[in-house]
Amino acid sequence: MLPVIWTLFAVLTVGGFLMIAAYWLDVQERPDLSTRARIGWSAAVLVFPFSIPAYAFAGGPGWPPFLRTASLVPALAVILFLGFVYGIFT
């Protein structure tokens with residue numbers, strides 16, 4: 001089972017980096033956001049497992065359902081990482 005979990009972790013990690021980039025680029029290209037809001041959402045990338053889903057579901061970017069679901073990928077990658085750190089997957 002461990003090889004499956006490692007593969008899932010690797011795929012989710014790459015997908016998480018892609019979602020971080022998509023989130024940051026979307027924030028920078030939204031003309032309806034003020035400069036202050038753009039800086040705030042950009043700084044929120046430091047807490048990406050929380051900020052990306054918050055932006056996708058409540059920030060009003062108008063993302064399609066697939067991207068809203070994909071916004072949870074970085075959080076899943078962090079959960080799997082913590083599972084490896086704390087020895088849940090041994």
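Look above for the structure.
Described in the following lines is the structure provided in the data block. Since the structure is predicted, the reported quantities are computational estimates derived from the model, not experimental observations.

Across its full length, the chain carries five helices and zero strands. The secondary structure elements of the chain, listed N-terminal to C-terminal, are α-α-α-α-α. Long-range contacts, defined here as pairs at least 24 residues apart, represent 56% of the contacts in the chain between residues at least 6 apart. On the chain, roughly 5,800 Å² of surface is accessible, and the fraction owed to carbon and sulfur atoms is 77%.

Taken together, the side chains of Phe81, Leu82, Val85, Tyr86 and Ile88 present a nonpolar region at the surface, about 550 Å² in accessible area. Residue position: Ile88 is located in the segment after α5 (73-85).

Mapping Gly87 onto the fold places it in the segment after α5. Linking Gly87 and Asp32, residues 55 residues apart in sequence, is a C-alpha distance of 45 Å.

Turning our eyes to something else, we now look at the pattern of salt bridges. Following the criterion strictly, the structure yields one salt bridge and no others. For the salt bridge of Arg30 with Asp32, the shortest nitrogen-to-oxygen distance reads 2.7 Å. For Asp32, a relative accessible area of 56% gives the class exposed.

Here we come to the nonpolar core. Within soluble globular proteins, side chains that are nonpolar generally end up buried alongside one another. By size, the foremost hydrophobic cluster in this structure holds eleven residues: Met19, Ile20, Tyr23, Val27, Leu33, Ala44, Ile52, Tyr55, Ala56, Trp63 and Ala70. Elements with a minimum of two residues in this core: α1 (2-29) and α3 (48-58). For this core, the leading source of residues is α1, giving four residues. Apart from the residues within four sequence positions on either side, Leu33 is in contact with Val27, Arg38 and Trp41. Counting seven residues, the second largest nonpolar core, distinct from the first, contains Phe9, Leu12, Val73 and Phe84.

Calculation criteria
Residues numbered from 1 in each chain as written. Predicted model: local features only at pLDDT ≥ 70, side-chain atom pairs only at ≥ 80, totals over all residues. Heavy atoms only, no water. Helix = DSSP H or I, 4+ residues; strand = E, 2+ residues; numbered from the N terminus. Contact = heavy atoms within 4.5 Å. Areas by Shrake-Rupley, 256 points an atom, 1.4 Å probe, with all protein chains shown as cover. Patch = residues over 30% accessible without salt bridge, like charges linked within 9 Å, V, L, I, M, F, W, Y side chains within 5 Å. Salt bridge = Lys/Arg side-chain N within 4 Å of Asp/Glu carboxyl O. Buried < 20%, exposed > 50% of the residue type's maximum accessible area, 1.4 Å probe, protein only. Core = buried A, V, L, I, M, F, W, Y, C linked by side-chain atoms within 4.5 Å.

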